[in-house]
Amino acid sequence: MANVKLTIDGKTVEAPANTLLIEAARRAGIEIPAFCYYEGLALQAACRMCLVEVEKAPKLMTACTLPVAEGMVVRTNTPQVAQARKSMLEFVLTNHPLDCPVCDKGGECELQDMVFRYGAGESRFLEVKQHVDEREWSPVVFYDRPRCILCFRCVRICAEGMGVAALGVVNRGASSEIAPNRGDHLECDECGMCIDICPVGALTSGTYRYRTRPWEMQHVGTICTHCADGCKTTLGIRNNRIHRGNNRDRSGVNGEFLCIKGRYAGDFAHHEERLLTPLVRSQDGFKPVSWAEAIKTVAGRFAEIRQRGGKFGVIGSNHTTNEENYYLQKLARTGLGTNNIDHHRTGDVLSLLRARVPLATTADLYHSKAVLIVGVDLAQQHSFLAYQIRANWRHHQARVYTVRRGPVREDKIAARIVSVEPGGELAGVETLRDDLAKEPELVILFGDAIQGEAVARLTEFGSSLGIPVKYVCLVDYSNSRGAVEMGVLPAEGGMTLPEMMAAGDLDALWVVGANPLRRHALAGKPFLVVQDLFLTETAQAADVVLPAASAYEKSGTVTNVCGEVQRLQKAFETPGTKTDLEIFGLIAREMGLDLKQLGPWTPSAVFAEIARTVPGYDLPVEVLEAGGAVQAGPSDGLPDAVWAPVQSAGDTLFTSGTLGRYSKMLNAVREAPGELYRA
Amino acid sequence: MPNIQEILGSAAAIAKGMSVTLREMVSPAVTEGYPDEPPRLQERFRGTHILERDENGLEKCVACFLCAAACPSNCIYIEAAENTETTRISGADRYAKVYNIDYSRCIFCGYCVEACPTDAIVHGHGFETASYNTSSLIYRKEQLLRPVKT
């Protein structure tokens with residue numbers, strides 16, 4: 001669209017026509033204060049903070065709703081504007097309590113900042129402020145009516161951003177207030193978007209309220225360890241404890257988006273059942289031992305089995321870092337001399353990589369003109385990807401197609417919906433051929449319903465449309481994609497996970513951050529070593545249990561569902577645990593393996609080796625170090641790896657494998673555990 | 001040989017000096033008997049802190065952390081908690097579950113007192129904090145709180 005020229009505070013500014021005045025000014029470096037205006041959300045013009053003087057306009061105009069026009073002359077620094085701001089703040093403060101010392105928002109409150117900058121020094125109101133008791137809408141969301149300034153950001157982010165519309169406004173004028181969708185409580189995604197977007201302390205979270213203050217915490221930006229979407233979450237750490245997670249600086253692929261898991265489900269790391277000391281099985285159950293003794297026990301048995309040519313099995317994790325996955329498979333292949341290495345496969349990434357088709361990034365989901373979602377309840381299983389698509393639909397009118405087994409939230413924004421029986425997904429996609437061929441471009445997301453041969457047929461279908469098509473293979477857990485690309489897969493006749501469990505003749509089984517006994521029975525009696533955070537079903541059957549650090553307690557990189565590699569930052573420590581990488585290194589050293597060939601067990605050294613040896617991973621370290629995301633380049637499709645059927649864990653918004661079972665917040669909300677295809 | 005004027009001048013000087021000495025001898029002493037008797041401190045003397053209570057005996061501290069933020073030597077440590085319907089510690093929504101001042105670091109500058117929005121922390125007159133054990137210099141909330149009036 002053509003640009004227009006206008007003058008703001010004597011400065012000539014050029015902006016595309018239809019840009020809002022507040023945005024044009026912001027881009028020119030002139031701040032116009034506002035509460036209700038929020039980039040990306042519908043316009044509200046409720047707070048009247050953005051009033052500015054526009055020449056030839058009879059009165060002050062709201063900059064948040066006024067599109068720029070050619071020759072417009074705007075003044076934001078006149079005494080009249082200053083007076084207007086001061087008066088608006090005075091009105092906002094008529095009933096807003098000055099309880100900043102106890103308010104959770106104190107120190108990072110937009111109202112506080114505005115009053116300091118634009119407000120009057122004192123109030124002229126003598127009337128007593130009305131007090132209303134705080135209300136608990138859910139274990140996550142608390143509402144303090146007097147603090148609310150009625151900017152309606154929460155209402156809009158819930159309806160537009162999340163597609164939930166759980167919040168509304170009741171009553172009129174001065175008695176307006178925000179109301180939850182179930183009368184006295186909320187039933188929603190419990191994502192906490194409303195809490196973070198609130199400019200004041202009207203909405204507070206059950207996790208963080210009254211615990212500490214923003215400046216008392218260290219803010220560590222790391223990657224959420226729950227699902228595979230790879231959202232960046234900035235953890236507030238004090239005393240080796242996570243007090244909150246949010247992403248107000250909008251860094252990372254997810255911007256400010258986080259679901260309940262990224263914000264509030266970090267509490268699993270502080271669960272009282274967390275393993276803090278190695279355990280070795282003796283005649284009468286587990287015996288706590290020192291790390292040195294536990295490593296010696298494991299390494300001794302491994303070395304002995306290796307010497308007599310025994311059979312090893314190694315099961316890797318969907319949660320450990322790329323460095324750990326890489327080191328583990330190298331250790332298994334060169335140190336233990338086995339190809340029996342696998343992980344719980346939740347999506348058929350392997351077949352997609354082999355098809356050598358373009359892969360979409362999370363940003364593509366926001367920009368693509370059309371999106372096809374096949375066989376998955378995206379809002380439940382991949383809430384960030386669903387958020388991107390919803391934003392794409394709102395901002396760019398993207399056309400969304402769903403092929404699914406039951407109602408999903410994406411149906412509401414879908415151009416066409418195809419209902420299918422399980423197994424009928426490919427046929428369902430075929431019925432959309434004519435519509436899809438008319439689109440200028442397309443991103444196809446598919447879950448575990450499409451696997452093996454079906455992936456090849458889906459990509460053939462995509463190629464036959466004659467338009468650019470990109471793909472996302474949906475996987476569960478924070479680093480499933482990385483586990484595949486790092487080679488935690490059997491090759492050259494190695495056994496897959498189900499085969500290892502059923503083999504019966506393994507001499508040793510090493511399970512790292514996985515719980516295969518939940519889904520499979522273990523035949524035979526191998527020497528079972530388990531590295532995990534908790535005493536899972538598998539750990540209970542183990543001979544040696546080694547307490548591992550969670551993803552929030554280590555450095556390294558992870559690869560999200562779209563192949564974007566991001567860096568974890570160590571946020572805190574849990575004394576007694578060790579990172580999986582360190583445990584691998586210690587076992588390798590105790591076994592007397594060739595450490596020169598294995599390489600040092602520090603994340604940066606291992607990543608340097610990954611960059612050299614894994615196709616597509618020669619990524620700019622500076623970008624990763626600075627907290628950015630880079631999509632891993634085209635992979636070679638792992639020609640040696642053995643294909644096996646995949647199965648999604650079927651986690652909802654409120655479950656997250658083993659970690660979810662130990663998150664008190666996830667289990668405390670009324671909606672838990674939730675179900676798929678319920679819309 | 002000294003003349004008479006010099007002799008008289010010396011005598012006068014001695015008399016003047018002695019008059020000051022004798023006057024000070026009979027006037028009250030400015031030195032204090034500390035440690036035999038308690039020291040007389042100015043009202044605004046900045047000694048070890050006291051955490052005040054309100055008229056209902058509840059703690060005035062609401063754990064806003066502003067004292068800790070203002071402290072230049074970083075000697076104040078607080079953990080906040082929420083008042084519940086059954087246990088009410090402070091007048092506001094929350095209270096300080098833990099409130100420690102490390103007197104091996106405190107420089108008695110008074111910034112914490114100035115920062116306090118609820119006048120909960122004030123300087124008392126305590127100053128005999130010397131110890132052979134630095135860990136005993138971390139005063140806990142129980143040591144700092146104003147005793148409940150009986």
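This is a predicted model, so every value here is computed, not measured.

### Re the overall build of chain B
Turning to step 1, where the next piece is worked out: Within chain B one finds 4 helices and 5 strands.
Turning to step 2, where the next piece is worked out: The globule rule puts the C-alpha radius of gyration for 150 residues at 15 Å, and the 26 Å found for chain B is more than 25% above it.
Turning to step 3, where the next piece is worked out: Dimensions of chain B along its principal axes, counting C-alpha atoms only, are 95 × 35 × 30 Å.
Turning to step 4, where the next piece is worked out: For chain B, the residues scored as buried account for 31% of the 150 residues in total.
Turning to step 5, where the next piece is worked out: When the accessible surface of chain B is summed, it comes to about 10,300 Å², and 55% of that surface belongs to carbon and sulfur atoms.
Turning to step 6, where the next piece is worked out: Chain B carries 15 positive and 19 negative side-chain charges, and their two centres are separated by 1 Å.

### Re the packing of aromatic side chains
Residue and element names in this part refer to chain A.
Turning to step 1, where the next piece is worked out: Throughout the structure, instances matching the rule amount to 13 aromatic pairs over all chains.
Turning to step 2, where the next piece is worked out: Measuring from ring centre to ring centre gives 4.7 Å for Trp137 and Tyr143, while their planes differ by 20°; the resulting arrangement is stacked. As far as the burial class goes, Trp137 and Tyr143 line up, both buried.
Turning to step 3, where the next piece is worked out: Residues Phe302 and Trp510 carry aromatic rings whose centres are separated by 5.3 Å and whose planes lie at 55° to one another, so their mutual orientation is tilted. On the criterion of sequence distance, the pair formed by Phe302 in helix α7 (residues 291-307) and Trp510 in strand β23 (residues 508-512) is long-range, its members being 208 residues apart.

### Side note on the domain arrangement of chain B
Turning to step 1, where the next piece is worked out: Domain annotation for chain B reports domain 1 (1-30) and domain 2 (48-144).
Turning to step 2, where the next piece is worked out: Here the C-alpha centroids of domain 1 of chain B and domain 2 of chain B sit 56 Å apart.

### Details of the sheet that holds strand β5 (residues 138-139) of chain B
Sheets are built from strands that pair by backbone hydrogen bonding, the pairs being arranged parallel or antiparallel.
All names here are of chain B.
Turning to step 1, where the next piece is worked out: With respect to topology, 3 strands assemble into an open sheet ordered β2-β3-β5, the strand pairing being antiparallel. In the strand order of this sheet, the two ends are held by β2 (76-82) and β5, each with one partner.
Turning to step 2, where the next piece is worked out: Strand direction decides the pairing type here: β2 and strand β3 (residues 94-102), joined by 7 bridges, are antiparallel. Note on β3: the bridge partner recorded for Ile76 is Ile101.

### A look at the nonpolar core
Turning to step 1, where the next piece is worked out: Ranked by size, the top nonpolar core spans 108 residues in total, and within it A:Ile178, A:Leu372 and A:Leu445 carry the most contacts.
Turning to step 2, where the next piece is worked out: By size, the runner-up hydrophobic cluster in this structure holds 47 residues, among which are A:Ala299, A:Val488, A:Val565 and A:Phe584.

### Comments concerning helix α19 (residues 580-591) of chain A
Residue and element names in this part refer to chain A.
Turning to step 1, where the next piece is worked out: For α19, built from 12 residues, the straight-helix expectation of 16 Å at 1.5 Å per residue is met to within 8% by its first-to-last C-alpha distance of 16 Å.
Turning to step 2, where the next piece is worked out: Of all 12 residues in α19, 9 are buried; the element is thus mostly enclosed.
Turning to step 3, where the next piece is worked out: Along α19, the positions that sit buried rather than exposed are Asp580, Leu581, Ile583, Phe584, Gly585, Leu586, Ile587, Ala588 and Met591.
Turning to step 4, where the next piece is worked out: Looking one or two residues beyond α19, the residue adopting positive phi is Gly592, at roughly 75°.

### Overview of the environment of A:Pro468
Residue and element names in this part refer to chain A.
Turning to step 1, where the next piece is worked out: Along the chain, Pro468 turns up in the loop between α15 (453-464) and β22 (469-473).
Turning to step 2, where the next piece is worked out: Owing to a relative accessible area of 54%, Pro468 belongs among the exposed residues under this scheme.
Turning to step 3, where the next piece is worked out: Between the C-alpha atom of Pro468 and that of Pro358, which follows or precedes it by 110 residues, the distance is 8.7 Å.
Turning to step 4, where the next piece is worked out: What Pro468 contacts, discounting residues up to four positions off in sequence, is Pro440, Glu441 and Leu442.

### Quick look at the packing of helix α4 (residues 153-161) of chain A against helix α12 (residues 383-396) of chain A
Residue and element names in this part refer to chain A.
Turning to step 1, where the next piece is worked out: Direction vectors running N to C along α4 and α12 enclose 95°, while the axes themselves pass 10 Å from each other. Comparing their axes, α12 and α4 come out roughly perpendicular. Contacts from Ile157, Glu160 and Gly161 of α4 reach α12 at Tyr387, Arg390 and Arg394.
Turning to step 2, where the next piece is worked out: Among the residues making up the contact of α4 with α12, the classes are represented as 2 nonpolar, 1 polar and 3 charged.

### Quick word on the domain arrangement of chain A
Turning to step 1, where the next piece is worked out: Each assigned domain of chain A is listed here: domain 1 (3-92), domain 2 (122-270), domain 3 (279-345 + 480-655) and domain 4 (349-473).
Turning to step 2, where the next piece is worked out: For domain 1 of chain A and domain 3 of chain A, the distance between their C-alpha centres works out to 55 Å.

### A few points about a nonpolar patch on the surface
Turning to step 1, where the next piece is worked out: On the surface, B:Ile14, B:Met18, B:Leu22, B:Met25 and B:Val26 cluster together to form a nonpolar patch covering roughly 570 Å² of accessible area.
Turning to step 2, where the next piece is worked out: Along the chain, B:Met18 turns up in helix α1 (residues 4-26).

### Some words on the pairing of strand β25 (residues 544-547) of chain A
Residues and elements named next belong to chain A.
Turning to step 1, where the next piece is worked out: Neither face of β25 is exposed, since Val544 and Leu546 on one face and Val545 and Pro547 on the opposite face are all buried.
Turning to step 2, where the next piece is worked out: Note that strand β24 (residues 527-532) and β25 share 4 bridges and pair parallel. Following the sheet pairing, Val529 is matched in β25 by Val544.

### Overview of the sheet that holds strand β13 (residues 241-246) of chain A
Residues and elements named next belong to chain A.
Turning to step 1, where the next piece is worked out: Read across the sheet, 3 strands follow the order β11-β12-β13 without closing on themselves; strand pairing throughout is antiparallel. Across the chains shown, the open sheet's two edge strands, defined by having one partner strand only, are β11 (218-223) and β13. Adjacent strand axes in the sheet meet at a mean angle of 35°, parallel and antiparallel pairs treated alike.
Turning to step 2, where the next piece is worked out: Direction of pairing for strand β12 (residues 232-238) relative to β13: antiparallel, over a ladder of 5 bridges. Among the inter-strand pairings, Arg238 is bridged to a residue of β13, identified as Arg241.

### Comments concerning the pattern of salt bridges
Residue and element names in this part refer to chain A.
Turning to step 1, where the next piece is worked out: Under the defined criterion, the tally for this structure stands at 47 salt bridges over all chains.
Turning to step 2, where the next piece is worked out: Across the salt bridge formed by Glu53 and Arg75, the nearest N and O atoms sit 3.9 Å from each other. Residue Glu53 is found in strand β3 (residues 51-54), and its partner Arg75 is found in strand β5 (residues 73-75); the two are separated by 22 residues along the sequence.
Turning to step 3, where the next piece is worked out: Taking relative accessible area as the criterion, Arg75 reaches 30% and is therefore assigned partly exposed.
Turning to step 4, where the next piece is worked out: With its nearest N and O atoms 2.8 Å apart, the salt bridge here joins Arg244 to Glu108. With Arg244 in strand β13 and Glu108 in the loop between α2 (79-92) and α3 (110-118), this residue pair connects regions lying 136 residues apart in the sequence.
Turning to step 5, where the next piece is worked out: Residue Glu108 is classed as partly exposed on the basis of its relative accessible area, which comes to 31%.

### Some words on the state of the cysteines
All names here are of chain A.
Turning to step 1, where the next piece is worked out: A full pass over the atoms with the stated rule returns 0 disulfides over all chains.
Turning to step 2, where the next piece is worked out: With no disulfide of its own, Cys154 lies closest to Cys151 among cysteine sulfurs, the gap being 6.2 Å.
Turning to step 3, where the next piece is worked out: You can call Cys154 buried: its relative accessible area is 7%.
Turning to step 4, where the next piece is worked out: For Cys227, which is in no disulfide, the shortest distance to another cysteine sulfur is to Cys231 and amounts to 6.1 Å.

### Looking at the interface of chain A and chain B
Turning to step 1, where the next piece is worked out: Of the residues lining the interface, 13 residues belong to chain A; the matching set on chain B comes to 16 residues.
Turning to step 2, where the next piece is worked out: In total, about 1,200 Å² of surface goes out of reach between chain A and chain B, with carbon and sulfur atoms giving 54% of it.
Turning to step 3, where the next piece is worked out: Sorting the residues of chain A by area buried against chain B places A:Pro101, A:Val102 and A:Tyr210 first, and these three jointly supply 44% of that buried surface.
Turning to step 4, where the next piece is worked out: Between the two partners, chain A and chain B, sit 2 salt bridges.
Turning to step 5, where the next piece is worked out: Close ionic contact of B:Glu82 with A:Arg209 constitutes a salt bridge, the shortest N to O distance being 2.8 Å.
Turning to step 6, where the next piece is worked out: Tallied by class, residues from the side of chain A that touches chain B come to 4 nonpolar, 2 polar and 7 charged.

### Observations regarding unusual backbone geometry
Turning to step 1, where the next piece is worked out: A cis amide bond links A:Ala672 with the next residue in sequence, A:Pro673, at an omega value of 0°.
Turning to step 2, where the next piece is worked out: Within the secondary structure, A:Pro673 sits in the segment after α24 (664-668).
Turning to step 3, where the next piece is worked out: That bond from B:Tyr34 to B:Pro35 is cis: its omega, 5°, falls within 30 degrees of zero.
Turning to step 4, where the next piece is worked out: Looking at the secondary structure, you find B:Pro35 in the loop between α1 and β1 (48-51).

So, how was this worked out
Residues numbered from 1 in each chain as written. Chains lettered and ligands numbered in written order. Predicted model: local features only at pLDDT ≥ 70, side-chain atom pairs only at ≥ 80, totals over all residues. Heavy atoms only, no water. Helix = DSSP H or I, 4+ residues; strand = E, 2+ residues; numbered from the N terminus. Rg over C-alpha atoms; globule rule 2.2 N^0.38 Å. Buried < 20%, exposed > 50% of the residue type's maximum accessible area, 1.4 Å probe, protein only. Areas by Shrake-Rupley, 256 points an atom, 1.4 Å probe, with all protein chains shown as cover. Lys, Arg positive; Asp, Glu negative; His and termini not counted. Charge placed at Lys NZ, Arg CZ, Asp CG, Glu CD. Phe/Tyr/Trp six-rings, centres within 6.5 Å; stacked < 30°, edge-to-face > 60°. Domains from an automatic or database assignment. Pairing = 2+ DSSP bridges. Core = buried A, V, L, I, M, F, W, Y, C linked by side-chain atoms within 4.5 Å. Expected span 1.5 Å × (residues − 1). Contact = heavy atoms within 4.5 Å. Axes fitted to C-alpha atoms, helices over the stretch in contact; angles between N-to-C directions. Parallel < 35°, antiparallel > 145°, perpendicular 65-115°, else oblique. Nonpolar A, V, L, I, M, F, W, Y, C, P; charged D, E, K, R; others polar. Patch = residues over 30% accessible without salt bridge, like charges linked within 9 Å, V, L, I, M, F, W, Y side chains within 5 Å. Salt bridge = Lys/Arg side-chain N within 4 Å of Asp/Glu carboxyl O. Disulfide = S-S within 2.5 Å. Buried area = accessible area lost by both parts, 1.4 Å probe.

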